[in-house]
Structures are given as structure tokens and as C-alpha cells.
Amino acid sequence: MKDCISFRPLEGAEPYSAGIDVAIGVQKLTGLGLGPVIIREFVRRFVFVSPAVRAVITDPEERSVRSLHAFLKAGFKLVETIQLIGESRKRHVMRLDRP
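As a starting point, this report considers the structure included with it.

**Quick notes on a nonpolar patch on the surface**
Okay, step 1: On the surface, Val-22, Ile-24, Val-26, Leu-29, Leu-32, Leu-34 and Ile-38 cluster together to form a nonpolar patch covering roughly 520 Å² of accessible area.
Okay, step 2: Note on placement: Leu-32 falls in the loop between β2 (17-19) and α2 (34-47).
Okay, step 3: Relative accessible area serves as the criterion here: at 54%, Leu-32 is assigned to the exposed category.

**Thoughts on the packing of aromatic side chains**
Okay, step 1: One pass over the full model with this rule turns up 2 aromatic pairs.
Okay, step 2: Ring geometry for Phe-42 and Phe-46: centres 5.4 Å apart, planes at 40°, overall tilted. With a gap of 4 residues between them, Phe-42 and Phe-46 both fall in helix α2, about one helical turn apart.
Okay, step 3: The exposed category is assigned to Phe-46, whose relative accessible area is 56%.
Okay, step 4: Relative to Phe-76, the ring of Phe-71 has its centre 5.1 Å away and its plane inclined at 75°; by these criteria the two rings are edge-to-face.

The rules behind each value
- Residues numbered from 1 in each chain as written.
- Predicted model: local features only at pLDDT ≥ 70, side-chain atom pairs only at ≥ 80, totals over all residues.
- Heavy atoms only, no water.
- Patch = residues over 30% accessible without salt bridge, like charges linked within 9 Å, V, L, I, M, F, W, Y side chains within 5 Å.
- Areas by Shrake-Rupley, 256 points an atom, 1.4 Å probe, with all protein chains shown as cover.
- Salt bridge = Lys/Arg side-chain N within 4 Å of Asp/Glu carboxyl O.
- Helix = DSSP H or I, 4+ residues; strand = E, 2+ residues; numbered from the N terminus.
- Buried < 20%, exposed > 50% of the residue type's maximum accessible area, 1.4 Å probe, protein only.
- Phe/Tyr/Trp six-rings, centres within 6.5 Å; stacked < 30°, edge-to-face > 60°.

So this is what it looks like as C-alpha cells:
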């Protein structure tokens, strides 16, 4: 675990990486398997449409098991677990490289 302000030195993200966060705001829509589908489609349709983007980075909180599993099912790999300066909770830095 490392303390840091920026992710770039941690997981080697290039300047041409994109970052995403996902939230399903309607409680009854959680736990239905929508997360991985939404993530995959968003990345395909909106992020990797730019040929300059080489990777997508995200950082769900360690205690957010559903989020972690959704990103893993969408093809992201766990890079490392960190704790950002000023935050009390650890985060999983995850990465999906362009296919």
C-alpha cells in the first residue's frame, strides 16, 4: 500500500489514459448484474472510441465488493491497493488496457 496524491506514478498510466467512476443510483437496480454490462458498453462506445486512449483507470473503495466484482467482470485488472492522503479508506486501483 502506498500513500499518494496522483495515480500516474503508481500504475504506470500513460498521459493518454482515461478514468471512470460508475454509480447505479436506483437501489432496486443494484445486484442485477448491470454493472459489468454498463462498464463494458461505456468503455467501448465512449472511451475507446478515441484512438489516443490506451487504458482506462478506476479506483473503487476496498469495501465496495460489488463494484470491485463489476470491474473485474468487465475485464479490469487489479493493479494495487492504495490509501490516498487525506482519505481514511483504501482504494483498489484497477486498469483496463485497450484491446
